[in-house]
Structure formats: structure tokens, C-alpha cells
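An overview of the molecular structure
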Amino acid sequence: MPEGPSLVILREETTRFVGKEIARASGNSKTVDLPSLEGQKIVSLRSWGKHFLIELPHTVLRIHFMLFGSYRIDERKDKPPRMALEFTDGSELNFYACSVKHIDPDLDAIYDWDADIMSPTWDPAKARKKLRAAPDMLACDALLDQTIFAGVGNIIKNEVLFRIRLHPLSTIGALPAPKLRALVEQARQYSFDFLEWKKQYVLKQHWLAHRKSTCPRCAIPFSKGHLGLTKRRAFYCEKCQKRYG
């Protein structure tokens, strides 16, 4: 599943489509009126967390890549697209194995832009306030809560917890203030590290915990499990990642 930094890359790669007119819309989507898109021009392309937003004059399309979604720019995969947009200048934008739907054009009413981990308006104080309001929440669930850390996914979760030496089963209410602050700060910092590494095609080379078998600090086997309410896979060290609560 693409995480927030990957959506930033998609947004940057598709900037040139703003202002272009859709000549043909096709695909196997059952949730979008594809013919109605033809003749409309792209007003803006935005991202929020793991959502890619295509703003048109009469609607907004929300694309969520789920577990196996992907996209191609000016090329196609050898499989049916969920939605294919061909433009009057011959360029095209194709989306596969994802969720596409119409949403309310009033995006400011739908999205808390301050919660987007990649946004220039990201508000760490607001994130800390939301965390303090959920003292029983586990750290592994907190980082995946899109209302707090929109864009953080399982890779970032595992790497942030390892980076700040925090056990995934720690409860938020039991964290000392410096550790809570570190959780928020590093969720943001690691996301931007992720962005730069992905642009350089070296992201996996920087993984210290995610999908790893041995702790690079302690040289002992990582513990693994599907933890918390989210049941997402965790990789963590019982020795150097302290459990609170």
C-alpha cells in the first residue's frame, strides 16, 4: 500500500496534467461515471495522506491504492485499468487495482489538511493533543491512525518505533512527555526521509526494522506479530524498544 510520501511523488509526477482536457475516460470502475469526465479539464491534483485527489470542474475523484494499486503515466500495463484518462494532447494517466469514487467537491470540509504528515501545514501540537485524548491507544495503532498521522503506513510505523526505541504495545497514556514528542516528531521526519530515499530508489536499503529478522543494535532476533487493533505486521526488538504501560 503506498504511503504518504509515495502520494507526494505521484502528485509531483502528474503536475503537468493540470489544465489538460480529458478526451476519453475508460476502465472497469463501477463507482465512477466515466463518460461524464470527458471534456472536463483537470483543475488541480492534490494528495491527503494515502488519498490522491483529482479535482475537476464538476466533481472530485478520490483514488485510494489499497493494498495492490498502481499507476502508469503515458504507458499502460498488460491488464485492464480501473480508470484510464486520455487527454487531448495524447498523454494519458492510468490507474490499476485501486478504489476510485466521486466525493464532495468541498475538500476543506472533508479533509483536515493539518493532519497530513507531508503537508506544509502539518500541526504537531494538534497531533499530540489527539494522542493525549486516547491514552489507552497502543503506539502501533496510533501511528496508523489516519486522523492523527494521515499518510503513515506500516513501513513508517515500524521504522519510527525502532528509531525512537519504543515498543509497539506501549500505551500512549503511559509515555513520558519526551517520548510522546519524539513519536510525533519522528513520524514527520521519517516520512520525509522516506520521500528522499524513494526518489533515489534506495528506500529498502535504509530499512532497519521493517521485514528484518535481526535487530541491528542488539544483534538478536526481532519479534514479529500482527499487533493492535489494526493487526498490521510489526517487527520490533524486545531489548532496546522499551514498553510503557
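Above: the structure in question.
No experiment lies behind these values; they were computed from the predicted model shown. (Residues numbered from 1 in each chain as written. Predicted model: local features only at pLDDT ≥ 70, side-chain atom pairs only at ≥ 80, totals over all residues. Heavy atoms only, no water.)

**Considerations on unusual backbone geometry**
- Residue Asp74 is not a glycine yet carries a positive backbone phi of 60°.
- You can see Asp74 is positioned in the loop between strand S5 (70–73) and strand S6 (83–87).
- A residue is classified by how much of its surface remains accessible, and Asp74, at 37% relative accessible area, is partly exposed.
- One non-glycine residue, Arg211, adopts positive backbone phi at about 65°. (Helix = DSSP H or I, 4+ residues; strand = E, 2+ residues; numbered from the N terminus. Buried < 20%, exposed > 50% of the residue type's maximum accessible area, 1.4 Å probe, protein only.)

**Quick notes on the sheet that holds S6**
- If you trace the 4 strands from one edge of the open sheet to the other, you get S1-S6-S7-S5, paired in antiparallel fashion. Looking at the sheet topology across the chains shown, the edges are occupied by strand S1 (22–26) and S5. Taking each pair of neighbouring strands and ignoring which way they run, the sheet shows an average axis angle of 10°.
- Judged from the 4 bridges that link them, S1 and S6 form a sheet pairing that is antiparallel. Bridge assignment links Ser26 to a residue of S6, and that residue is Ala84. (Pairing = 2+ DSSP bridges. Axes fitted to C-alpha atoms, helices over the stretch in contact; angles between N-to-C directions.)

**Points about a nonpolar patch on the surface**
- A cluster of nonpolar residues, Met66, Leu67 and Phe68, forms a patch on the protein surface that exposes about 360 Å² of accessible area.
- The topology assignment puts Leu67 in the loop between strand S4 (60–64) and S5. (Patch = residues over 30% accessible without salt bridge, like charges linked within 9 Å, V, L, I, M, F, W, Y side chains within 5 Å. Areas by Shrake-Rupley, 256 points an atom, 1.4 Å probe, with all protein chains shown as cover. Salt bridge = Lys/Arg side-chain N within 4 Å of Asp/Glu carboxyl O.)

**A short note on the nonpolar core**
- With 34 residues, the main nonpolar core has Leu131, Leu143, Phe149, Leu166 and Leu183 as its most contacted residues.
- At the level of secondary structure, the elements contributing two or more residues to this core comprise helix H1 (4–13), helix H3 (124–132), helix H4 (139–142), helix H5 (154–163) and helix H6 (177–199).
- The biggest single contributor to this core is H6, with 9 residues.
- When near neighbours in sequence (up to four residues on either side) are disregarded, Leu166 contacts Ala139, Leu161, Leu175, Lys179, Leu183, Gln241, Lys242 and Tyr244.
- Counting residues in each nonpolar core, the second largest holds 23 residues, with Leu7, Leu56, Phe65 and Phe87 among its members. (Core = buried A, V, L, I, M, F, W, Y, C linked by side-chain atoms within 4.5 Å. Contact = heavy atoms within 4.5 Å.)

**As for the pairing of S6**
- Among the 5 residues of S6, 5 are classified as buried, and the element is accordingly described as predominantly covered.
- Of the two faces of S6, the one holding Met83, Leu85 and Phe87 and the one holding Ala84 and Glu86 are both buried throughout.
- Between the antiparallel neighbours S6 and strand S7 (residues 92–96) lie 4 residues, among them Gly90 with a positive phi of about 95°.

**Overview of a positive patch on the surface**
- Among the surface-exposed residues, Lys198, Lys204, Arg211, Lys224 and Arg233 lie close enough to one another that they form a single positively charged patch.
- Within the secondary structure layout, Arg211 lies in the loop between H6 and strand S9 (223–227).
- A residue is classified by how much of its surface remains accessible, and Arg211, at 59% relative accessible area, is exposed. (Lys, Arg positive; Asp, Glu negative; His and termini not counted. Charge placed at Lys NZ, Arg CZ, Asp CG, Glu CD.)

**Brief notes about H6**
- Look at H6: 34 Å from first C-alpha to last across 23 residues, which is about the 33 Å you get at 1.5 Å a residue.
- Considered for burial, the residues of H6 that qualify are Lys179, Leu180, Ala182, Leu183, Val184, Ala187, Tyr190, Ser191, Asp193, Phe194, Leu195 and Trp197.
- Tucked inside the fold, the buried residues of H6 contact H1, H3 and H5. (Expected span 1.5 Å × (residues − 1).)

**Details of the packing of aromatic side chains**
- Summed over the entire model, instances satisfying the criterion amount to 9 aromatic pairs.
- Arranged with centres 4.9 Å apart and planes meeting at 40°, the rings of Trp48 and Tyr111 form a pair that is tilted. Remark: Tyr111 occurs in the loop between helix H2 (107–110) and H3 and Trp48 occurs in strand S2 (residues 44–48); sequence separation between them is 63 residues. The exposure classification of Trp48 matches that of Tyr111, with both residues buried.
- Cluster of aromatic residues (ring-pair linked, three or more members): Phe52, Phe65, Tyr71 and Phe95.
- Over the aromatic face of Trp113 sits the side chain of Arg46, whose NZ or CZ is 4.1 Å from the ring centroid.
- When the ring centre of Tyr96 is taken as reference, the NZ or CZ atom of Lys77 above it lies at 5.4 Å. (Phe/Tyr/Trp six-rings, centres within 6.5 Å; stacked < 30°, edge-to-face > 60°. Lys NZ or Arg CZ within 6 Å of the ring centre and 35° of its normal.)

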